[in-house]
Every structure is written in C-alpha cells, then in structure tokens.
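# Residue-level structure breakdown
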Amino acid sequence: MEFKNPKHSMNGREERIDYIISEIRKEYPKDTNISILAEKITEITMIIRSCLLPMRFSPTTRKDYEEQILLEMRVI
C-alpha cells in the first residue's frame, strides 16, 4: 500500500488508520453488531498487527495505533 503522507505526520497517521480500518471492514462490515466485534477482539487485533508490522513502527507506536483503532471502532 502506498501512502501520500509521511508516516509520522498527522495526515499520515489518519491515512494509515483509515487503511487499517478498511482492512478490518473487509471481514467485519460496518453493520456488524458491536457485541460481535467485542467477542472477536483477538481476531481484529491480529488484523491490525498484520497491517502495522510492514509499516515498520516501533512497538510503542504500534500499541498506540492498535488502541486508537479499537476505540474508533468502539470495540473497547
């Protein structure tokens, strides 16, 4: 995946988060019940991690992204 903005810029962060959420939505569409998402938190976390790893972020940054994405999706 090619991104328009540098990964440590604010726009780059949003761009990458949107990309990861779109990858999650391929398996769990937007109309998926929140309770189902909460039950599948492990699978969702694995999707997030598989997307973040090739982006070569530090472990701390990956954790921050993971938490933000789960919050935005209202899983946690």
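Residues numbered from 1 in each chain as written. Predicted model: local features only at pLDDT ≥ 70, side-chain atom pairs only at ≥ 80, totals over all residues. Heavy atoms only, no water.

## Considerations on the packing of aromatic side chains
To keep it simple, the criterion reads: Stacked, edge-to-face and tilted labels apply to pairs of Phe, Tyr and Trp rings (six-membered ring for Trp) whose centres lie within 6.5 Å, assigned for plane angles under 30 degrees, over 60, and everything in between, in that order. By definition, being over a ring means that NZ of Lys or CZ of Arg is both within 6 Å of the ring centre and within 35 degrees of the ring normal.
Tallying each qualifying case throughout the model produces 2 aromatic pairs. Positioned above the aromatic ring of F57, the side-chain terminus of K7 is 4.9 Å from the ring centre. Sitting over the ring of Y65, R13 keeps its end group 4.5 Å from the ring centre.

## So, unusual backbone geometry
If a residue is not glycine, its phi is most likely negative; likewise, a peptide bond is most likely trans. Going by this rule: Every helix listed is a DSSP run of H or I at least four residues long, and every strand listed is a run of E at least two residues long, numbered separately from the N terminus.
Phi is positive for R56, close to 60 degrees, though the residue is something other than glycine. Assignment of secondary structure puts R56 in the loop between helix 3 (41-52) and helix 4 (59-72).

Honestly, that's just the spatial picture; any functional story needs more than this.
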